[in-house]
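Observations on the three-dimensional arrangement
Next come the chains, spelled out residue by residue.
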Amino acid sequence: MAAPSQPQQATYDAIVIGAGIQGSFTAYHLAQRRRDTLLLEQFILPHSRGSSHGQSRITRSAYPRVPYARMMPDSFHLWQRLEAEAGISLYRRTGLVVLGPAGDPELEGCRRSLGTDQVLDATVLARCFPGLRLHAGEVAVWDGTGGVLFADRALRAVQDVFRRHGGTLRDGEKVLRIEPGAVLTVTTTAGVYQAPRLIIAAGAWTGALVAPLGLCLPLQPLRINVCYWREKEPGSPSAGRASPCFMALGLSRAPHGVYGLPALEYPGLVKVCYHHGSPTDPEERDRLPPGTPHPDVALLSSFISSYLPGLEPRPAVVETCLYTNTPDEDFILDRHPKFSNIIIGAGFSGHGFKLAPVVGKLLCELSLGEEPSHSMAPFTITRFPGVLRAAL
């Protein structure tokens, strides 16, 4: 799918930079509205250099933060619409257990988002998730809508439907320069393109793209270890394919939270990860000095021994992914403060994949001057002081 090597020049109604799940859904919504849209990706697809690869992501209605909880019904609906358009299954409902200390604010927020007063004690939890142990003073909440999104399949599906609606996807083209104006010019390694609107959704590379446009966004790329743990007894009900997903919140031993998905990618291997990582440069995320410690893996080993004793406490497979975090872990979805036809979607902080259909719709609406379908107040750029600099 790599773009031809000869120089290209073309004019579009909209250009989207970044063909991860957020940029791809933005382009999809623009094409649905009959806008001639170019979607640019610096790497040859498919690739594993960003935040949208891999086979699985958790989806859920339970959310401690109200703005996201309000978006989730819309997101579920839009995922179902994509499934119908693509003619493939993108979601498996497994249910989701959210556990933590009784009264923990995040756990209580999740409970309120589900509209339930019910909490599960250790006895009840043992019936629906026999492999997951609660400890003294801990409770759990059940989210029956929770499940697994098939991530790689979803990314291909949204890009295929985008192209079916007339969109142009050019991969293997790195953006070299963005020139603002009523008609913007984007120069890549293979062409020069123009459009009256530009959406930047470039994940961990967003900061570098917007810096020459006078923006210094507080975006921190993190290298995440994605760990898979072997079942001691393969096929046991402890954490196999039929088990729910889970999230552990408010634990002193894991302040950023732990999450897990049933054995889907690798037979007999359960995905359990820490929701945090190490600061990194996305261009050099694999350049680790020999002997570099992995405190998150040690933390997870301890968690597994204590909460999931049916799994071996050493990971069988460790892969990597990127988060791009904001200081408050809320998204950035906003216009450039100086160039109103440049829209930025960034800082998805490890919880954006499930919401990508709504994020894409909001970025599309912002770029077209439409009234956003959800409140944008939590996602403004200007909530961070000092982001506007003189353009180079």
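Residues numbered from 1 in each chain as written. Predicted model: local features only at pLDDT ≥ 70, side-chain atom pairs only at ≥ 80, totals over all residues. Heavy atoms only, no water.

1. Here we look at the packing of aromatic side chains
According to the stated counting rule, one finds 15 aromatic pairs in the structure shown. Taking the centre distance of 5.4 Å and the plane angle of 80° together, the rings of Phe25 and Tyr28 count as edge-to-face. Residue Phe25 and its partner Tyr28 are both found in helix 1 (residues 21-32); the two are separated by three residues, about one turn of the helix. Tyr28 shares its class with Phe25; the two are buried. Between Tyr228 and Tyr266, the ring centres sit 4.9 Å apart and the planes meet at 90°, which makes this aromatic pair edge-to-face. With Tyr228 in strand 14 (residues 220-231) and Tyr266 in the loop between strand 16 (258-261) and strand 17 (269-274), this residue pair connects regions lying 38 residues apart in the sequence. Members of the aromatic cluster, joined through ring pairs, are Tyr63, Tyr68, Phe331, Phe348 and Phe379. For the cation-ring pair, Arg60 lies above Tyr63, with the distance from its terminal atom to the ring centre recorded as 4.1 Å. (Phe/Tyr/Trp six-rings, centres within 6.5 Å; stacked < 30°, edge-to-face > 60°. Helix = DSSP H or I, 4+ residues; strand = E, 2+ residues; numbered from the N terminus. Buried < 20%, exposed > 50% of the residue type's maximum accessible area, 1.4 Å probe, protein only. Lys NZ or Arg CZ within 6 Å of the ring centre and 35° of its normal.)

2. Points about the state of the cysteines
Considering all chains together, one arrives at zero disulfides under this definition. Cysteine Cys110 remains unbridged, with the sulfur of Cys245 as its closest cysteine sulfur at 14 Å. Using a relative accessible area of 0% as the deciding quantity, one classes Cys110 as buried. Lacking any disulfide linkage, Cys227 is separated from the closest cysteine sulfur, that of Cys273, by 5.8 Å. Overall, Cys227 belongs to the buried group, its relative accessible area being 0%. (Disulfide = S-S within 2.5 Å.)

3. What to know about the pattern of salt bridges
This structure, assessed with the given rule, holds eleven salt bridges. Between Asp330 and Arg65 there is a salt bridge whose closest N-O contact spans 2.7 Å. You can see Asp330 sitting in the loop between strand 19 (311-325) and strand 20 (332-335) and its partner Arg65 sitting in the loop between strand 4 (56-59) and helix 2 (66-86), a full 265 residues away along the chain. Residue Asp330 is classed as buried on the basis of its relative accessible area, which comes to 8%. Arg177 is paired through a salt bridge with Glu179; the nearest N and O atoms lie 3.3 Å apart. The exposure class assigned to Glu179 is partly exposed, which follows from its relative accessible area of 34%. (Salt bridge = Lys/Arg side-chain N within 4 Å of Asp/Glu carboxyl O.)

4. Structural notes on the side chain of Glu138
In this structure, Glu138 sits in strand 7 (residues 138-143). Buried and unpaired, Glu138 has Arg253 as its nearest opposite-charge partner, separated by 6.8 Å. Side-chain polar atoms of Glu138 contact the side chain of Tyr307, separated by 2.5 Å. Contacts of Glu138, omitting those with residues within four sequence positions, involve Gly100, Pro101, Ala102, Leu251 and Tyr307. (Lys, Arg positive; Asp, Glu negative; His and termini not counted. Polar contact = N/O pair within 3.5 Å; in protein donor to acceptor, adjacent residues only side chain to side chain. Contact = heavy atoms within 4.5 Å.)

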